[in-house]
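A structural walkthrough
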Amino acid sequence: MLEHQVLRTIPVGRHVLLIADVLVEPDAELAGQPIEAAQHPGQAHILAVRRHSTDSFDWSLDMDYRIEPHDRLLVLATRAGLGRTLARNQPLATLTG
């Protein structure tokens, strides 16, 4: 099971934005990708990263930072955008086997 937690929901008109805390899985497609590649315009935006070796979130993101396994991402997303991010966070063996 993917580890993530929706922290807040934000109603915007007839839509809902979600703020979620996503733990990056070791063999996921997201691991090794730069922050910029993990974002989906209009659907998902990475707000902050807590690197696996630290205790606090970095809110001043370097878009070239490569996401590592066990990093935590704070994601602002639509439901579809969060679903897309979570799909990219599944271990690759699960997708192919």
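No experiment lies behind these values; they were computed from the predicted model shown.

1. Quick look at the overall build of the protein
In terms of regular secondary structure, the protein is built from three helices and four strands. Reading the protein from its N end, one meets helices and strands in the order β-β-α-β-β-α-α. Radius of gyration (C-alpha) of the protein: 13 Å, near the 13 Å computed for a compact globule of 97 residues. Projecting the C-alpha coordinates of the protein onto the three principal axes gives extents of approximately 35 × 35 × 20 Å. Among the 97 residues that make up the protein, the fraction classed as buried is 34%. Total accessible area on the protein is roughly 5,800 Å²; 52% of this is exposed by carbon and sulfur atoms.

2. Here we look at helix α2 (residues 79-87)
In an α-helix, one turn spans 3.6 residues, which is why side chains three or four residues apart end up on the same side. Within α2, the full set of buried residues consists of G81, L82, T85 and L86. Within α2, the buried residues cover an arc of 135 degrees as seen down the axis, which keeps them to one side. Away from its buried face by more than 90 degrees, α2 exposes R79 and A80. Where α2 is buried, its residues meet β1 (4-12), β2 (15-23), β3 (44-50) and β4 (72-77).

3. A look at the pairing of β2
Looking at chain direction, β1 and β2 are connected through eight bridges and run antiparallel. Paired with P11 across the bridge in β2 is V16. Once β1 ends, the chain turns through two residues before running back antiparallel as β2, passing G13 with a positive phi of about 60 degrees. Examined bridge by bridge, β2 and β4 share six bridges and lie antiparallel to one another. Within β4, the residue paired with D21 across the bridge is L74.

4. Quick notes on the side chain of R72
If you trace the backbone, R72 turns up in strand β4. Side chain to side chain, R72 and D21 meet in a polar contact 2.9 Å long.

Rules and cut-offs
Note that residues are indexed from 1 along each chain, following the sequence as it is written. Per-residue local features are limited, in this predicted model, to residues with pLDDT of at least 70; the limit for side-chain atom pairs, both in listing and counting, is 80 or more; totals at the level of whole chains, interfaces and linings are taken over all residues. The side-chain numbers reported here are obtained from all heavy atoms of the structure, hydrogens and water having been left aside. Helix and strand labels come from DSSP, where a helix needs a run of H or I of at least four residues and a strand needs a run of E of at least two; each type is numbered from the N terminus. C-alpha atoms define the radius of gyration, and 2.2 Å times the number of residues to the power 0.38 defines the globule rule. The cut-offs for exposure are 20% and 50% of the maximum accessible area for each residue type, with area from a 1.4 Å probe on protein chains only; residues under the lower value are buried, those over the upper are exposed, and the others partly exposed. Computed with a 1.4 Å probe, the accessible areas rest on the Shrake-Rupley method; for each residue, only the protein chains presented here act as cover. The directions from the helix axis to the C-beta atoms form the arc being described. The criterion used for residue contact is that any of the two residues' heavy atoms lie within 4.5 Å. Strand pairing is defined by DSSP finding a minimum of two bridges between the two strands. What qualifies as a polar contact is a pair of N or O atoms within 3.5 Å, subject to a donor-acceptor requirement within protein and to the restriction that residues adjacent in sequence count only when both atoms come from side chains.

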